[in-house]
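Per-entry structural report
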Amino acid sequence: MGFTREIDHGTPPALATGRDITLTIDGEAVTLPEGTSIMRAASLTGTAIPKLCASDNLESFGSCRLCLVEIEGRNGYPASCTTPIADGMIVRTQTDRLKQLRKGVMELYISDHPLDCLTCGANGDCELQDQAGAVGLRDVRYGYDGATNMGQAKDHSNPYFDFDPSKCIACSRCVRACDEVQGTFALTMEGRGFDTKVSPSQGQDFLSSECVSCGACVQACPTATLIEKKVVEVGTPEKAVVTTCAYCGVGCTFRAEMRGEELVRMVPWKDGKANRGHSCVKGRFAWGYARHQDRILKPMVRQNITDPWQEVSWEEAIARVASDFRHIQAKFGTRAVGGITSSRCTNEETFLVQKMIRQGFGNNNVDTCARVCHSPTGYGLKTTFGTSAGTQDFDSVMQSDVMLVIGANPTDGHPVFASRMKKRLRQGAKLIVVDPRRTDLVKSPHVEAEHHLPLRPGTNVALLTAMAHVIVTERLFDESFIRERCDWDEFLDWSDFVAEAHRSPEATEALTGVMSEEVRAAARLYATGGNAAIYYGLGVTEHSQGSSTVMAIANLAMATGNVGREGVGVNPLRGQNNVQGACDMGSFPHEFSGYRHVSDEGARTLFENAWGVKLDSEPGLRIPNMLDAATDGHFKGLFIQGEDILQSDPNTHHVAAGLAAMECVVVQDLFLNETANYAHVFLPGSTFLEKDGTFTNAERRIQRVRKVMAPLNGHADWEIVQLVAQALGLDWDYKHPSEIMDEIAALTPTFAGVHYDRLDDEGSLQWPANDAAPDGTPTMHIGGFVRGKGKFVVTDYVPTDEKTGPRFPLLLTTGRILSHYNVGAQTRRTANTAWHPEDRLEIHPLDAENRGIKESDWVSLRSRAGETTLRALITERVAPGVVYTTFHHPDTQANVITTDYSDWATNCPEYKVTAVQVGLSNGPSDWQEDYADHARKSRRIAPIEAAE
């Protein structure tokens, strides 16, 4: 599509009152909702009133004095951005007097602004330039002899954008965007009058300040004061394609703005229903990995994992994959091979991988990282509510009165949604945070949790049961909701269970480490504070009792009637961009798409008729079972699309041993990742910028991914899978991913109404989208649960087998940081490393002092599974007895430490509870150095001449 700017109506839409107002603007009668500003009313009818300080993603401000209008019967010239429409109002937007006033205002702006338009990076994309033309300014009477703000030093510290205070017009849009949209409050207007200027965090440079580089300030700036370095380097864009971000589960929509085939910038799309025009540092700026020099663009093969890689043609690589897998199955049996789908790839690509395994390999040995992180969500919510997904859309949070955030760190993991949460909290909603760490939501500018329950890792079920004890014994439950919507007898069994004295907050305080009065106060607030919503993350699911915790959360929501309307519900915050979609598409060894068990004869027959083969009715192997079978000599071939299990899965030594025991490991990815150290075939993947398809975000929102540029490797990922399938003898002939979605819709009831033309027309759909819900389903379980009656489940607390003791007295928990994503394969190949160049071990000052550890010291981190070393970060964000680290950098290998313990129902690894000891170290361990040496050797690529 050609390049056009998004229309900016100047002020946000009015809050709905149900009343319409009729007025006259420039002689034309207009009827619009009450509360609409004159500026927005004029814009909606095709009249653009000049403006500089106004933007429709910010509240009205009225400082630039450029948007003046005349209103019949009123004195003066009010600002159209701050004046609401009124019945019978007669407005004139263009008169001789207004022309004169606007020219005078603009003349003052230009008199203190460099006139370097021809060489300015924003030339052709500058609102100041546009508005000077709009008001007819042709000369400036004031010279530059007096004092000006020009010539100030530029701030180039941020890796993605520049700050030139000489070009600032003090409109405050950047400051207001940081406050109102992002909620970080990192910018301020410093000084008064002529000396007013924008200042990051009391005079620091941008990189050193509290700025989180979300880009809201850059997007808001009407001049080149804040401008992307890439725009300065390449020039302003000339075309744009709307697509969906490939980072976290928020699913932000962006305009990918291009010059030719070069991406210039990613601008959050205002019509994106998941992000509403906002972004984070990753989606906004960290896309440079797409053209990074480390990216592999040609297929490669080798006989042994100690050999150098040999570049080959696509035909040779595909033939090698098919030949090796067929040979393995002939020698070791049909079930000796399997595959792993990707939560980073599209729904269509994920669907094809599981189809290839079931139809082509003839077994159900398919798994995904979605199970490794969120399978307890699927099990727990399907058991209690009847469907394996969250209940709300993101907009719902603006109707919440109470938010309970447990085991999630939204400001780092889901920052755009966190900004929405913070906005609602600033409006007066209350917050309960259940987390071993003091995350940013506990206390940050203008946001403070009403209650922080810093529980001991692994005690989620005990704490939630204690909260349920308070709700039941103090009769704070919603009896009418329960009798109408849930199984009353099951509720009585559950209430008797949680009411037992040994499950009270006082009785469990020694277990959870949370003061009983805080637990009681939090439970009362959740039950009685109005609309209450629960948001949770991997700190809930990645435990041996992950499924129990999800069901305990569902119990709380049902008991208090907080399901089935806006502002409430149970909402998992999915980690990667398509975790929800990977689950939906049938990536589990026991389920087809739509969460139907492989033993279900009706479902199996549907797929058999569509695919023309007999399908296995026995569930296949999960990833850890595949690795176990490999070390036992029974599992020999693995196809891995877009996952790095050696870095992301627990007990790295065991993963390495399993991979090393296989005869054919195929990795389809962008880079030679850690898993590729054990691969025999490498198929270069494509980025989200190079493909068409769909992602499904954490709110069940299906959104289009659109190709921005041609695949640098020659093929989109779905095409590569199709080539492999064809080599295996399957008669696939998809011409476009839309045809794959048509097949998904035909075979998956919740997707029955999903088609590309609808997604293009409507922007997105939230499943279920079918005949029963033709417009999709923003809020689930309205009027009744999908399963019929909501099911209360008794969730007894069972301590993890991972115990602390004299040898391992501390508890390690893991998580993410804002600037990086998952194993860091993408973000480590961008300038995001400026904020997080290495994983650090957070340790409480008391624990550090007891071990003689000082800030930035090298420390050893040991568990029963293994040992690694990293630098210490001494902080009170963690409690005594608890340490924390991220897992974004492969040289740390944090998962060497984590164990094989997993959730009792789903085998989801227990990443969040590992008993460890920490001590001083001299630097990287021998194992880390050996591993790094092995990785270097494994990534050798033979010269082209040798390959020939």
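Residues numbered from 1 in each chain as written. Predicted model: local features only at pLDDT ≥ 70, side-chain atom pairs only at ≥ 80, totals over all residues. Heavy atoms only, no water.

1. A short note on the overall build of the protein
Per the secondary structure count, the protein includes 30 helices and 36 strands. The C-alpha atoms of the protein give 29 Å as radius of gyration, which agrees with the globular expectation for 948 residues (30 Å, within 12%). Every one of the 948 residues in the protein was classed for burial, and the buried ones make up 62%. Counting only contacts in the protein whose residues sit at least 6 apart along the sequence, the fraction spanning at least 24 positions is 73%. (Helix = DSSP H or I, 4+ residues; strand = E, 2+ residues; numbered from the N terminus. Rg over C-alpha atoms; globule rule 2.2 N^0.38 Å. Buried < 20%, exposed > 50% of the residue type's maximum accessible area, 1.4 Å probe, protein only. Contact = heavy atoms within 4.5 Å.)

2. Some details on the pattern of salt bridges
The full count for this structure, using the stated rule, is 52 salt bridges. Lys167 is the salt-bridge partner of Asp116, the closest N and O atoms lying 3.1 Å from each other. Within this pair, whereas Asp116 is found in the loop between helix 2 (96-111) and helix 3 (127-134), its partner Lys167 is found in the loop between strand 5 (161-163) and helix 4 (173-182), the two being separated by 51 residues in sequence. Between Lys691 and Glu349 there is a salt bridge, and its shortest N-O distance comes to 3.1 Å. Of the two residues, Lys691 is situated in the loop between strand 27 (681-684) and strand 28 (693-696) and Glu349 in helix 9 (residues 347-361); the sequence distance between them amounts to 342 residues. You can call Glu349 buried: its relative accessible area is 0%. What emerges from the salt-bridge pattern is a single network uniting Asp125, Glu228, Arg255, Glu257, Arg265 and Arg284. (Salt bridge = Lys/Arg side-chain N within 4 Å of Asp/Glu carboxyl O.)

3. Some points on a nonpolar patch on the surface
On the surface, a nonpolar cluster with roughly 260 Å² of combined accessible area is contributed by Leu108, Val140 and Tyr142. Tracing the backbone through its elements, the reader meets Tyr142 in the loop between helix 3 and strand 5. (Patch = residues over 30% accessible without salt bridge, like charges linked within 9 Å, V, L, I, M, F, W, Y side chains within 5 Å. Areas by Shrake-Rupley, 256 points an atom, 1.4 Å probe, with all protein chains shown as cover.)

4. With respect to the side chain of Asp644
Relative to the helices and strands, Asp644 resides in the loop between strand 25 (637-641) and helix 23 (645-648). Buried within the structure, Asp644 lacks any salt-bridge partner; its nearest side chain of opposite charge belongs to Arg828, at an N-O separation of 5.8 Å. A distance of 2.6 Å separates polar atoms of two side chains, one belonging to Asp644 and the other to Thr675. Beyond its immediate sequence surroundings of up to four residues, Asp644 is in contact with Asn673, Glu674, Thr675 and Val823. (Lys, Arg positive; Asp, Glu negative; His and termini not counted. Polar contact = N/O pair within 3.5 Å; in protein donor to acceptor, adjacent residues only side chain to side chain.)

5. Topic: the confidence of the model for the protein
When pLDDT is averaged across the protein, the result is 92; 98% of the residues are at 70 or more. Taking the mean pLDDT of every element in the protein, the minimum, 49, falls on helix 30 (residues 944-947) and the maximum, 98, on helix 17 (residues 516-528). (pLDDT = per-residue confidence, 0-100.)

6. Points about the packing of helix 2 against helix 3
Between helix 2 and helix 3, the shortest axis-to-axis distance is 10 Å and the interhelical angle comes to 145°. Judged by the twist between their axes, the crossing of helix 2 over helix 3 is left-handed. Between helix 2, through Met106, Tyr109 and Ile110, and helix 3, the contact on the second element is made entirely by Leu128, Gln131 and Ala132. Grouping the constituent residues of the contact of helix 2 with helix 3 by class yields five nonpolar, one polar and no charged. (Axes fitted to C-alpha atoms, helices over the stretch in contact; angles between N-to-C directions. Left-handed = near helix turned anticlockwise from the far one by under 90°. Nonpolar A, V, L, I, M, F, W, Y, C, P; charged D, E, K, R; others polar.)

7. Quick notes on the environment of Phe785
Of note, Phe785 is situated in the loop between strand 30 (764-766) and strand 31 (810-815). Judged by relative accessible area, Phe785 falls into the buried class, the value being 5%. In contact with Phe785, not counting residues within four places along its chain, are Phe385, Phe481, Arg485, Cys486, Met558, Val563 and Gly790.

8. Re the side chain of Gln826
With respect to the element layout, Gln826 can be found in the loop between strand 31 and strand 32 (840-843). Judged by its relative accessible area of 6%, Gln826 is buried. Of the polar contacts made by the side chain of Gln826, one reaches the side chain of Tyr289; its length is 3.3 Å. For Gln826, the side chain forms a polar contact with the side chain of Arg344, separated by 3.4 Å. Sequence-distant contacts of Gln826, defined by excluding residues within four places in its chain, comprise Ala246, Tyr247, Tyr289, Arg344 and Tyr821.

9. Quick notes on the sheet that holds strand 14 (residues 337-341)
Here seven strands make up an open sheet; going across it, the order is 13-12-27-26-25-14-15 and the pairing mixed. Each end of this open sheet is capped by a strand with a single partner; those strands are strand 13 (310-311) and strand 15 (366-368). The sheet contact formed by strand 26 (residues 664-669) and strand 27 spans four bridges and is parallel. Within strand 27, the residue paired with Asp669 across the bridge is Pro684. Along the sheet face, helix 10 (residues 369-384) touches strand 14 and strand 15 and points at about 65° away from the line of strand 15. (Pairing = 2+ DSSP bridges.)

10. Examining helix 25 (residues 717-727)
For helix 25, the complete set of buried residues consists of Asp717, Trp718, Ile720, Val721, Gln722, Val724 and Ala725. Where the residues of helix 25 are buried, they touch helix 8 (314-332), helix 9, strand 25, strand 26, strand 27 and helix 26 (737-747). Count one or two residues on from helix 25 and you reach Gly729, which has phi positive near 100°.

11. Section: the layout of surface pockets
Taken as a whole, the largest pocket spans an internal volume of roughly 1,400 Å³. As for the largest pocket, its lining consists of 38 residues, and the residues nearest its centre are Pro12, Pro13, Asp56, Glu59 and Lys423. Considering every element that reaches the lining of the largest pocket, the biggest residue donor is helix 12 (residues 415-426), with five residues. Residues belonging to the lining of the largest pocket are distributed by class as follows: 12 nonpolar, 13 polar and 13 charged. (1 Å grid on protein atoms, 1.4 Å probe; cavity = no way out; pocket = protein on both sides within 12 Å on 5 of 7 lines; lining within 4 Å. Points joined across faces, edges and corners; volume = space filled by probe spheres on them.)

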